[in-house]
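A structural walkthrough
Residues per chain, in single letters:
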Amino acid sequence: MSHSHTHAPGESHSHSHSHGPPQPQAQPQMMLPTPDPASQAIIEADFRPVSLIVAPEAYAVFCQDHKSEKCEICDQDYVGLNRLAKILATNPAIAAPPPPNVVSRNLSQAVNHTKEEGNTLYKQKKHPMAIARYTMAASIAVQRPPWETNQFMREELSTIISNRSAAYAESQDYISALADAETVIAVRRNWSKGHFRKAKALVGLGELQEAKEALQLGLAYEPTNAELSAFSAEVEKMIQNGDEKVKDEA
Ligand SMILES: [Zn+2]
């Protein structure tokens, strides 16, 4: 799944960088990490001084002999560097990515709020409406800017999709429930809930053996999970009773 962060160019993030109070330790004096000696050696071995013309008014540098931005003779290419310099110099208000430990609170609130609406509708057994809210919450969750902690998005998204899988199962749309469960597992493999949802969907489809396997995999990650154990015993009983009839009805 690629949630490649599609904002139209120029479209502003609604959560544009109101990232709560600044963290006390993130003061301007940046702590530079100690350079790795091996990488440092590679950089130094590769280092070769070049002659440049600096044109500050153009925010650009050129090769000295040919005044060229990209010069084959000098084997120099400053196109990318000059473009970056121009963008930074002409857009003083440009938002540089904040540190990776900062998480957009507005976005989190929007995701949580929408998910809670879904949960309320789910409890009221308004499953199609719950599904719509979960879908909305998921689409907000994947708008997280790429510099935010990926782990955070995974947890947020997997919870929403897991709830949506449950809502699909309640609507007896077991194929969609299964697809969502698979997504949850793909995003957060060691979380018991994905395996539980998958087994639920498979039981709905009458695939008891596969359901049993899904539960076994979940239990391999979390052997003491009560929900998985209880459902596993239930499925085992169904298999012994020869309860594969749901499939034939479908
Ligand atoms: Zn040149």
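So, here's what we can say about the structure. Counting restarts for each chain: residues are numbered from 1 in the order of the written sequence. Whole-chain, interface and lining totals are the exception, using all residues; otherwise, since this is a predicted model, local features are given only for residues with pLDDT of at least 70 and side-chain atom pairs are given and counted only at 80 or more.

With that settled, the discussion passes to the overall build of the protein. Strands are runs of DSSP state E lasting at least 2 residues, helices are runs of H or I lasting at least 4, and numbering of each runs from the N terminus. A count of helices and strands for the protein gives 10 helices and 4 strands. Secondary structure elements in the protein, listed N-terminal to C-terminal, are α-β-β-β-β-α-α-α-α-α-α-α-α-α. The exposure label follows from counting other C-beta atoms within 10 Å of a residue's C-beta, where the C-beta atoms are placed from the backbone and the thresholds are 20 or more for buried and 12 or fewer for exposed, leaving partly exposed in between. Considering the protein as a whole, with its 250 residues, one finds that 26% of them fall into the buried category. Residues are scored as being in contact if the C-beta atoms we place from backbone atoms lie within 7 Å. Partitioning the contacts of the protein with sequence separation of at least 6, the portion at a separation of at least 24 is 51%.

In this section: unusual backbone geometry. The phi dihedral of K67 falls on the positive side, at around 50°, and the residue is not glycine. Secondary-structure assignment places K67 in the loop between β2 (60-63) and β3 (70-71). Phi at Q172 takes a positive value of approximately 60°, unusual for a residue other than glycine. Tracing the chain through its elements places Q172 in the loop between α5 (150-170) and α6 (174-187).

Moving on: the packing of α6 against helix α7 (residues 192-204). Axis definition: a line fit to C-alpha positions, over the contact stretch in the case of helices; interaxial angles, taken between N-to-C directions, run 0 to 180 degrees. Viewed as axis vectors pointing N to C, α6 and α7 meet at an angle of 160°, and their least axial separation amounts to 8 Å. As summarised for this structure, α6 and α7 are arranged roughly antiparallel, according to the angle between their axes. Crossing of α6 against α7: the hand is left-handed. Along its contact with α6, which presents Y174, A177, L178, D180, A181, E182, V184 and I185, the element α7 presents K193, G194, H195, R197, K198, K200, A201, L202 and G204. In the contact of α6 with α7, the residues fall into 8 nonpolar, 3 polar and 6 charged. Just so you know how the angles are binned, under 35 degrees is roughly parallel, over 145 roughly antiparallel, 65 to 115 roughly perpendicular, and the rest oblique. Handedness of a helix crossing follows the sense of rotation of the near helix relative to the far helix, less than a right angle counterclockwise being left-handed and clockwise being right-handed. Residues were grouped as follows: Ala, Val, Leu, Ile, Met, Phe, Trp, Tyr, Cys and Pro as nonpolar; Asp, Glu, Lys and Arg as charged; and all remaining residues, including Gly, as polar.

So, on to helix α8 (residues 208-221). Working rule for helices: expected span equals 1.5 Å times residues minus one. Between its first and last C-alpha, α8 extends 20 Å over 14 residues, near the 20 Å set by a 1.5 Å rise per residue. Considering only its buried residues, α8 is in contact with α7 and α9 (226-240).

Between any two strands, pairing holds if DSSP finds at least two bridges. In this sheet, β2 lies alongside strand β1 (residues 52-55) in antiparallel orientation, the contact comprising 4 bridges. In the strand pairing of β2, I53 is matched with F62. As consecutive antiparallel partners, β1 and β2 are separated by 4 residues, and within that stretch Y59 has a phi angle of approximately 50°, a positive value.

Each nonpolar core reported here comprises buried Ala, Val, Leu, Ile, Met, Phe, Trp, Tyr and Cys residues connected via C-beta atoms within 7 Å. One finds A141, A199 and A211 to be the most contacted residues of the largest nonpolar core, which totals 36 residues. Taken together, the elements giving at least two residues each to this core come down to α3 (105-123), α4 (127-141), α5, α6, α7, α8 and α9. The dominant element in this core, judged by the number of residues it contributes, is α5, at 8 residues. Where each domain starts and ends follows an automatic or database-derived domain assignment. Counting contributing residues per domain, this core is built from domain 2 (104-188) and domain 3 (202-250), each supplying no fewer than three. Sequence-distant contacts of A211, that is, excluding residues within four places in its chain, are made with A199, L202, V203 and V235.

With 14 residues, α6 ought to run about 20 Å at 1.5 Å a step, and its terminal C-alpha atoms sit 20 Å apart, in line with that. Residues Y174, A177, L178, D180, A181, T183, V184 and I185 constitute the buried set of α6.

This next bit is on the environment of A58. With respect to the helices, strands and loops of the structure, A58 is situated in the loop between β1 and β2. The exposure class assigned to A58 is partly exposed, which follows from the 13 C-beta atoms found within 10 Å. Taking C-alpha positions, A58 is 9.2 Å from A85, a pair spaced 27 residues apart along the chain.

A few words on the packing of α7 against α8. In the contact formed by α7 and α8, the axes pass within 8 Å of each other and the chain directions differ by 170°. As summarised for this structure, α7 and α8 are arranged roughly antiparallel, according to the angle between their axes. Of α8, the residues touching α7 (which contributes S192, H195, F196, K198, A199, L202 and V203) are L208, E210, A211, A214, L215, L217, G218 and Y221. Partitioned by chemical class, the residues of the contact of α7 with α8 number 10 nonpolar, 3 polar and 2 charged.

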